[in-house]
Amino acid sequence: MALNKISAGWLRRLGNRTYLPALLALAVVCAAGYYAERQNDTIHYQSERARVQQQAGLIKSSLEGQLNGDYQRLRGLAAMLATEPDMPQARFSQIAEQVLMGQTAIRHIAAAPGLVVSLIYPIKGNEPAIGLDYTKTAAQREAAYRVRDSGEMVLAGPVNLVQGGTGFIYRLPIFTGTEDKKEFWGILSAVVETKTLYAETGVTGGAQTLEIALTGKDGTGAAGQQFLGTAEIPAGEPVLMDINLPVGSWQLAARPAGGWQAQPGNLWQLRLALLAAGTLIVFPTFLAGRLSAARQTVIGQLRRREAELEAVSRRLEIAVKTSRVGIWECDAGNKRVSWDSRMHELYGVPREQGPLAGSAWIARLHPQDRDRVVKSLEAAERAKTNFASEFRILLDDGSVKHIRALASPFTDTQGRSWMIGVNWNVSEDVRLREELIHANQALSERNTELKEGKRALEEAHAELQKQQAELHRLSLVAKHASDSIILTDGSRKILWVNDAFTRATGYGADEAIGRTPSDLLDGPATDLSVVREMNRHKERGIRYHNEVLNYTKAGEEVWFDTNIVPVTGADGEVDLIIGIERDITRSKQRERELAEAKLAAEHADRAKSEFLANMSHEIRTPMNGIIGMADLLAEADLTADDQQNVETIRSSAQALLKIINDILDLSRLEAGKFAISREDFNLRDCIGGAADLFRPKALEKGLSMQVSYANGLPERLHGDDGRLRQILVNLIGNAVKFTPDGKIAVRVSHAGADRCRLVVEVEDSGIGISEAQASHIFDRFTQADAATTKAFGGTGLGLTISSMLAKRMGGGISVQSQPGKGSCFRLELQMAPASQAPDAEAPALPDAAPQLGPCRVLLAEDNQTNRLLVRKFLRGQPVDLQEAGNGRAAVEMCRELEPDVILMDMSMPELDGISATQEIRSLPIRQPVIVALTANAFSSDRQACLDAGMDHFLAKPVKKTVLLHTLAAVLAEAEDTQRRPRASA
């Protein structure tokens, strides 16, 4: 009830217009108070940040000025080291002392050629750093390689120093040589004590009212590691400034000591003033004056701060002028450029003319530098990256200045992009560097000339000593040589002889000097024509070499290999003759012995050939009867048991014949008389024919035989298909012989890209051989072991002959085998492409014996068994067969009977087949066809028969079908062509 009464009273007062102005004034005062409090907060915050920014700006300017100034000092020292790479410690200390004169935070300077510290200043107190190898520790090695590879200065730190304490390290790479061929020399390092740098630039020390943090260790900028101050400073909304280093930057974060104040210091005063204004509404003038006074106070503070900022700007301007660096700015949007006065001085442009911009500035660039600098600047503007370059400018008076320029992009508070940069004149540095380079070059050239002169003198001295030593050696060689040496004058009289002459001839030097070599050495058997030819060459001054027979003092014959070397003078006349004679008496004797041994070997070879021919004839003659009669028996109607006996005789005879043929082939191969006949042939017919010979035997043993051909093989090749067939018959025959069950594969291909390099692999699943046995498998008369010989038979010559044939045909045979798993023989032969198109194939001889036409045949054969065999072969044919027991009877019967065909044996009594054929060819009769029918199986025998006038050659043993087919062929040929009588020889 009471509350209701109070509320009602207030409502009545509010409704009274008397209080309305007061209420309005109160509302206005409250609103103004709230606004004033907020405005006071803003002013306090801005004033605090302005104060901090002002102080931080001073610190930033001090740091940049100090670091860039030190950098320029070090660049000058680096330039001196580049021109004097071999600078001694004393010279280094002198220059470094000059560099460190004035205000600088550098504690000491060190140069590390090859990354090992060898120059340092000051030395005292820094002795532990001498010999420091930057590559020994990971951190220093990484920093050193970074400087070397980037080619730019690196400001590292802060780091722990070897001498104690911490500091920043300037590292400048030093390169020697020209721009086109620079060579890394080493690193120039300078240590700046952090304590000294911070104290001199205001970062620490004194009545410090700011908390400062620095970020960007090693010049990595805001993204780098914080190295000064607590972690709370960057997190507490500090004032941030970028400190631009020569390479890279730091970020400075600053705030008041103790952090930003949560509320202004005059908050309660303002509140009391507002409260007083609200209370003393009757005193508006006082309140307005109070507020005006407070406002004037704030304005005064702002003006003082503006003055302080102007002073800081003035100091910065003075610092820039002192450093003789020109500053320019460029608005990236409208390309508007502004210069300071120093820039106008550098480019020689009056200030009233304004800065050079665009094409005008480009025109001032040296033509050789223009494109490079413009492209580099445009690239920096597009990418908004730092710009650094060194170039030349042309002034109006034609002079040239060398300018070094640095620029960085930034964005102002309005979001506009700017490029601000500095230029400074480095012409004097360039001039000094060029003078040093020229002086060094001149010194190097002078040193080179002196070295060349010294080397020339040394070479001349060495050559003189060499000639003297060579003369001494030559005199020793001549005196102690094993060959005789004779010096004669132009008239051939002896001037000097060595000891070897005395040993060879028996004449001492006192006996020889003054006489001619002919007087001393010529004898009855000396070839006077050789002596005359030798004297003629001496007179003409021409070298001469020959062998001459001489005589010793004791009258013994001695052969000399003589070399005559005349020496002519400036007038062309012979002044001296050098004769060198080597005793070759023993060599001559060995030559005679070798000649005699050769004759003996030739006689032995002929005896061997005659023995083999006789052996062949004597064995083949009875073999002809055995095989022939066995063939005739096989044609008869026999019982199974008799047929088996006949087949045993035939197979045994064929085996014996193969042994004989192998022995003869081996003999011809060893004597080098085995001819390789090359002609075009069908590859598949040759290989298929050899394989088909053994298919019946393979089927009989239950073996599968496959012949495969690789793609790309030519159809025809050029080579000896007969020898190829002989080798394949041996390899496939062995595979069939030594394979009790399984399969046999014949694979034909070519080696690599050469389609004529024929490769034939014969693989079986037979008994196989060991590795030790395989190493001797191609030796003559060799098989795997004695058990193999007993089980399968054979002489062991087949693979020997096949291997020798393969080598003669440009290839070879190899084997891979394992006992019990079979063998694979690889044959490789070099063939040639077929030279002619394939001819029509000659029809194969049918197995059945042909029927001959009526004819008269004369058989000249001294062996009764062979005559009986031929009669049986021709039994049932319309042939008038006449027989002669020797060559003389054959000639007489030929004169009388004039036969159509003569079967002529080569070895007969009274007159052999060769002589008989020659006499028959000389007879004035109708000449018959003469077919050699002989046991002499050498190719030389075949050729001898053909040379004597025979038409065909059949080697014993002769099969019935072969004989009948041969007779049918020669009779058909005789009918087609009328043979003319041959003139006598």
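Residues numbered from 1 in each chain as written. Predicted model: local features only at pLDDT ≥ 70, side-chain atom pairs only at ≥ 80, totals over all residues. Heavy atoms only, no water.

In the nomenclature of an unreviewed UniProt entry, the protein corresponds to histidine kinase from the organism Leisingera aquaemixtae. Check the Subcellular location (unreviewed entry) section of the UniProt entry for the protein; it says "Membrane". Quoted straight from UniProt, the Catalytic activity (unreviewed entry) entry for the protein says "ATP + protein L-histidine = ADP + protein N-phospho-L-histidine." (UniProt positions renumbered as here; feature names shortened; annotations may be inferred.)

Let us look at the sheet that holds strand E16 (residues 494-497). Whenever strands of a sheet pair, they do so through backbone hydrogen bonds, lying parallel or antiparallel. Here we have 5 strands laid out as an open sheet, ordered E16-E15-E19-E18-E17, and antiparallel in their pairing. With partners counted over all chains shown, the strands left at the sheet margins are E16 and strand E17 (544-551), one partner each. This sheet shows a mean twist of 30° between the axes of neighbouring strands, independent of strand direction. Sheet analysis places strand E15 (residues 484-489) next to E16, joined by 3 bridges and oriented antiparallel. What sits directly across from Thr488, in E16, is Ile494. The strands touched by helix H16 (residues 528-540) are E17, strand E18 (557-568) and strand E19 (574-583); relative to E17, the strand with the most contacts, the crossing angle is about 135°. (Pairing = 2+ DSSP bridges. Helix = DSSP H or I, 4+ residues; strand = E, 2+ residues; numbered from the N terminus. Axes fitted to C-alpha atoms, helices over the stretch in contact; angles between N-to-C directions. Contact = heavy atoms within 4.5 Å.)

Turning next to the pairing of strand E24 (residues 757-764). Walk down a regular strand and you will see the side chains alternate between the two sheet faces. E24 sits mainly inside the fold: 6 of its 8 residues count as buried. Bridging between strand E23 (residues 743-750) and E24 involves 7 bridges; their strand directions are antiparallel. The partner of Arg747 across the bridge, within E24, is Glu761. What sits between E23 and E24 in their antiparallel hairpin is a turn of 6 residues, with Gly752 showing a positive phi close to 60°. Two strands pair when backbone bridges link them, and E24 and strand E26 (residues 822-830) are joined in this way by 7 bridges, in the antiparallel orientation. Across the sheet, Glu763 pairs through a bridge with Cys824, a residue of E26. (Buried < 20%, exposed > 50% of the residue type's maximum accessible area, 1.4 Å probe, protein only.)

The 3 strands lie next to each other as E20-E22-E27, forming an open sheet whose pairing is antiparallel. In the strand order of this sheet, the two ends are held by strand E20 (679-682) and strand E27 (832-833), each with one partner. Bridge count for strand E22 (residues 716-719) against E27 is 2 bridges, and the pairing is antiparallel. Looking at the pairing, Leu717 lines up with Pro833 of E27. Its contacts with the sheet put helix H19 (residues 683-692) on E20 and E22, and the angle it makes with E20 is roughly 65°.

Moving on, we get to the pattern of salt bridges. Taken as a whole and judged by the stated rule, the model has 35 salt bridges. In this structure, Glu390 engages Arg433 in a salt bridge whose closest nitrogen and oxygen atoms are separated by 3.9 Å. Taken together, the residues span a long stretch of sequence, with Glu390 in strand E12 (residues 387-394) and Arg433 in helix H12 (residues 427-480) at a distance of 43 residues. Glu390 sits in the partly exposed class, given a relative accessible area of 27%. The exposure class assigned to Arg433 is partly exposed, which follows from its relative accessible area of 28%. A salt bridge links Arg747 to Glu763, with the shortest nitrogen-to-oxygen separation between them at 2.8 Å. Of this pair, Arg747 sits in strand E23 while Glu763 sits in strand E24, placing them 16 residues apart in sequence. (Salt bridge = Lys/Arg side-chain N within 4 Å of Asp/Glu carboxyl O.)

This brings us to the environment of Ser704. Here Ser704 lies in strand E21 (residues 704-709). Of the residues examined, Ser704 reaches a relative accessible area of 33% and is grouped as partly exposed. Each C-alpha atom, one on Ser704 and one on Ile744, is 6.1 Å from the other, the two residues being 40 residues apart in sequence. Residues contacting Ser704, with those up to four places away along its chain left out, are Gly742, Lys743 and Ile744.

The biggest cluster of nonpolar side chains holds 47 residues, and the ones touching the most others in it are Leu81, Phe92, Ile109, Tyr170, Leu188, Trp250 and Leu252. With 10 residues, the top contributor of residues to this core is helix H2 (residues 19-83). Aside from chain neighbours lying at most four places away, what touches Phe92 is Leu77, Leu81, Met87, Ile109, Ala110, Ala111, Leu119, Ile120, Tyr121 and Leu188. Judged by nonpolar contacts, the second largest core, of 41 residues, contains Phe694, Ala698, Phe778 and Leu799. (Core = buried A, V, L, I, M, F, W, Y, C linked by side-chain atoms within 4.5 Å.)

Quick look at the packing of aromatic side chains now. Tallied over the full model, the rule gives 8 aromatic pairs. The interplanar angle of 75° and the centroid separation of 5.5 Å between the aromatic rings of Phe168 and Phe227 together place this pair among those described as edge-to-face. With Phe168 in strand E4 (residues 166-177) and Phe227 in strand E7 (residues 226-228), the pair connects residues that are 59 residues apart, well separated along the chain. A relative accessible area of 0% means that Phe168 is categorised as buried. Judged by its relative accessible area of 15%, Phe227 is buried. Ring plane angle 35° and centroid distance 5.0 Å describe the contact between Trp339 and Tyr347, whose orientation is recorded as tilted. Taken together, Phe168, Tyr198, Phe227 and Trp250 form an aromatic cluster joined through their ring pairs. A cation sits over an aromatic face here: Arg171 above Tyr134, 6.0 Å from the ring centre. It is Arg684 that lies over the ring of Tyr709; its NZ or CZ is 4.8 Å from the centre. (Phe/Tyr/Trp six-rings, centres within 6.5 Å; stacked < 30°, edge-to-face > 60°. Lys NZ or Arg CZ within 6 Å of the ring centre and 35° of its normal.)

Looking along the chain, the bond that leaves Tyr121 and enters Pro122 is cis, with omega of -15°. Structurally, the position occupied by Pro122 is in the loop between strand E2 (119-121) and helix H4 (138-150). Positive phi, normally seen in glycine, also occurs at Lys384, with a value near 55°. With respect to the helices and strands, the residue Lys384 is situated in the loop between helix H11 (367-383) and E12. The phi dihedral of Arg492 falls on the positive side, at around 70°, and the residue is not glycine.

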